[in-house]
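Coordinate inspection notes
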Amino acid sequence: MTTTLKITWAAASARRAERQFLARPAPAGTPVAEVVDAMLGAHAQVLSAAELSVGMRTDGATRADVRAALWDDRSLVKTYGPRGTVHLLPARELPLFSAALTAVPSGPSPFPPGVRLTEEQTGQVVTAIGEALDGRCLTVDELSEEVVARTGPWAGDRVMPAFQDLWPRWRQVLHRAGWAGTLCFGPNRGRKVTYTRPVRRGGGAAAGVAAGGLPADFVQRYLHAYGPATPQHFARWLAAPTGWATSLFGELAADGRIEEVDFEGTPAWVAAGDTDFSPGRGGPDGPAAGVRLLPYFDAYVIAGQPRERLFPGKAYQRALGGGQAGNYPVLLVDGVVAGVWHQRRRGRRTTVTVEPLVRLTARQHRELGEQVERVGEVLEATPELVVGEVTVGPHA
C-alpha cells in the first residue's frame, strides 16, 4: 500500500525559498536570466520592482545588470507573461512560455459586443503586429498605423475604454501578440514606450504536450518552483479557468508526470519524482529563516499558496490590496509576510520605510538593515532606513 507523502507548510516554504534564491542569493556572476528563470518570470509593470526582484536574489547584481541583460545581450525579454501582465522572461525560454500561454483558454471578453474582436480578427491583428515589428522598434501610435493598414479601418476604431480615454480596437489583444511571440518591448524612445519583435533563439523545448496544447514541462516547472500546489493555485497564477486546470492536472497525473502529496491535509501536487523536502537552512521541518524585503508584485508572493499561510494574521488584512497579492512591497520574516515597506527616491538617496507587523528581535533588526543596504546597492542609491507606518496606499 502506497503512503501519501505528507508535506508541511514549513518544509514547502523552506524549499521554495531555496529554489527562489531567497534562502541564499545566487552567487556573484550568476547570469540574471538564470535567476529570472528560477522565478518563472519577474513582474515588470514597474521596471524598478523587477530590478529589485532579481537584484535581491543575486549577490552583487544591480539594476545595471538587469538592464544590460534586457537591452544589451538580450538574454531577457520584456513582454506579456502570466495573467497578461508585463514580465521579464528569459529569452531562451520564450518559445516555452509562448506555447503555454497561447494554450490557456480565454475567458469572456470584458468589453461589450460592439467593442470586441472576433477570433478571426484577433488572428489578423497578431499577424499584422508581427509583420510590422519585424526588425523595427515602433511606438504604439506608429504600430497602430501599421496594424490598421494591414487589417482594415475596423482595427483602428477608437472604442476601447482605457484610462479615461478611448483606444483603438486592436489594442485589446496587444497582450496576445506578446504571448504569441510576435511582440515584446523595445528600448524607450525618450519618454515613449516602443515595441519590437523578439529575436528568435533556441531552447525552451517542451517535454511533451498536455491538454489543449499546453506543454507538460511548463506545469512541471511551475510545480518545481512553487509546489506543492493544487490546480486552483495554478489557475490563479495563470488567470486560467479552474475546471480546465483541474482536468489538466488529472491528465498529467494519469501520465505519471506529476504526483499527489498531502500538503497540510489538502491533496496537492509536485512534479513526478520531485519529492525531496530535505531540511535546508531552516533546519528539520523548519521555516525559511531570515529577513527579506520583496518589491511590488514579487513572484514569490504572487505564486506562493495557500495565501492565508503566506500572509498570516494581521498581514492578511494589511499586506493584501483587496485580496490581491503584490500591491504592497512586503517584509518576509522566516518565510512569511510580516510587514510592508515603501521606498521613496530623491536623487541619489532613497528612504526605505518599513512597517513590521511583528516584534523584531535584535538579530532581525540587523538583517533588516542589511536588506535595506542591499536595496540601495541594487537601485544604485544611498539608502536610509525608517521603521514606522507606511502611509502610501496599495499600487493600482
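Our subject is the structure listed above.
Residues numbered from 1 in each chain as written. Predicted model: local features only at pLDDT ≥ 70, side-chain atom pairs only at ≥ 80, totals over all residues. Heavy atoms only, no water.

Observations concerning the environment of Glu51
- Considering the arrangement of structural elements, one finds Glu51 in helix α3 (residues 47–55).
- For the pair Glu51 and Arg63, spaced twelve residues apart in sequence, the C-alpha separation works out to 5.3 Å.
- When near neighbours in sequence (up to four residues on either side) are disregarded, Glu51 contacts Arg63, Val66, Arg67 and Val378. (Helix = DSSP H or I, 4+ residues; strand = E, 2+ residues; numbered from the N terminus. Contact = heavy atoms within 4.5 Å.)

A short note on the nonpolar core
- Residues Leu143, Phe234 and Phe311 are the most contacted members of the largest nonpolar core, which totals 105 residues.
- At seven residues, the largest contribution of residues to this core is made by helix α9 (residues 216–226).
- By size, the runner-up hydrophobic cluster in this structure holds 16 residues, among which are Val291, Val333, Leu368 and Val372. (Core = buried A, V, L, I, M, F, W, Y, C linked by side-chain atoms within 4.5 Å. Buried < 20%, exposed > 50% of the residue type's maximum accessible area, 1.4 Å probe, protein only.)

Let's talk about the pattern of salt bridges
- Applying the stated criterion across every chain yields a total of 21 salt bridges.
- We note a salt bridge from Arg150 to Glu146, for which the minimum N-O separation is 2.3 Å. With Arg150 and Glu146 both in helix α7 (residues 140–151) and four residues apart, the pair spans about one turn of that helix.
- Its relative accessible area of 21% is what places Glu146 among the partly exposed residues.
- Its salt-bridge partner being Glu355, residue Arg318 comes within 2.9 Å of it at the nearest N-O pair. (Salt bridge = Lys/Arg side-chain N within 4 Å of Asp/Glu carboxyl O.)

Focus: the packing of aromatic side chains
- Under the counting rule described, the total for this entry stands at twelve aromatic pairs.
- Centre to centre, the rings of Phe234 and Phe249 are 5.6 Å apart; their planes meet at 50°, and the pair counts as tilted. Of this pair, Phe234 sits in helix α10 (residues 231–238) while Phe249 sits in helix α11 (residues 242–254), placing them 15 residues apart in sequence. Across the pair, Phe249 and Phe234 agree in class, each one buried.
- Every member of this aromatic cluster is reached through a ring pair, and the members are Phe97, Phe218, Tyr222, Tyr226, Phe234, Trp237, Trp244 and Phe249.
- The cationic tip of Lys78 hangs over the ring face of Phe185; the distance from NZ or CZ to the ring centre is 4.9 Å.
- Between the NZ or CZ atom of Arg171 and the centre of the ring of Trp167, over which it lies, the distance is 3.6 Å. (Phe/Tyr/Trp six-rings, centres within 6.5 Å; stacked < 30°, edge-to-face > 60°. Lys NZ or Arg CZ within 6 Å of the ring centre and 35° of its normal.)

Thoughts on the pairing of strand β13 (residues 330–333)
- Where burial is concerned, the two faces of β13 agree: the one with Val330 and Leu332 and the one with Leu331 and Val333 are both buried.
- Note: strand β12 (residues 291–294) against β13, four bridges, orientation antiparallel. Looking at the pairing, Leu294 lines up with Val330 of β13.
- The pairing of β13 with strand β14 (residues 336–346) spans four bridges and is classified as antiparallel. Opposite Leu332, over in β14, you have Val337 as the bridge partner.
- Where β13 folds back on β14, the antiparallel hairpin that results is connected by two residues, among which Asp334 adopts a positive phi of roughly 55°. (Pairing = 2+ DSSP bridges.)

Quick look at empty space enclosed by the protein
- Inspection of every chain in the model, using the stated rule, returns four cavities of 30 Å³ or more.
- By volume, the largest cavity amounts to about 120 Å³.
- Of all the secondary structure elements, the ones that give two or more residues to the lining of the largest cavity are α4 (63–72), β3 (76–80) and β8 (184–189).
- Grouping the amino acids of the lining of the largest cavity by side-chain chemistry returns nine nonpolar, one polar and four charged.
- Roughly 70 Å³ of volume is contained in the second largest cavity.
- In terms of lining, the second largest cavity is formed by 14 residues, of which the most central are Gly41, Arg83, His87, Trp237 and Ala299.
- Residue composition of the lining of the second largest cavity, grouped by class: nine nonpolar, three polar and two charged. (1 Å grid on protein atoms, 1.4 Å probe; cavity = no way out; pocket = protein on both sides within 12 Å on 5 of 7 lines; lining within 4 Å. Points joined across faces, edges and corners; volume = space filled by probe spheres on them. Nonpolar A, V, L, I, M, F, W, Y, C, P; charged D, E, K, R; others polar.)

That is the geometry; function is a separate question.
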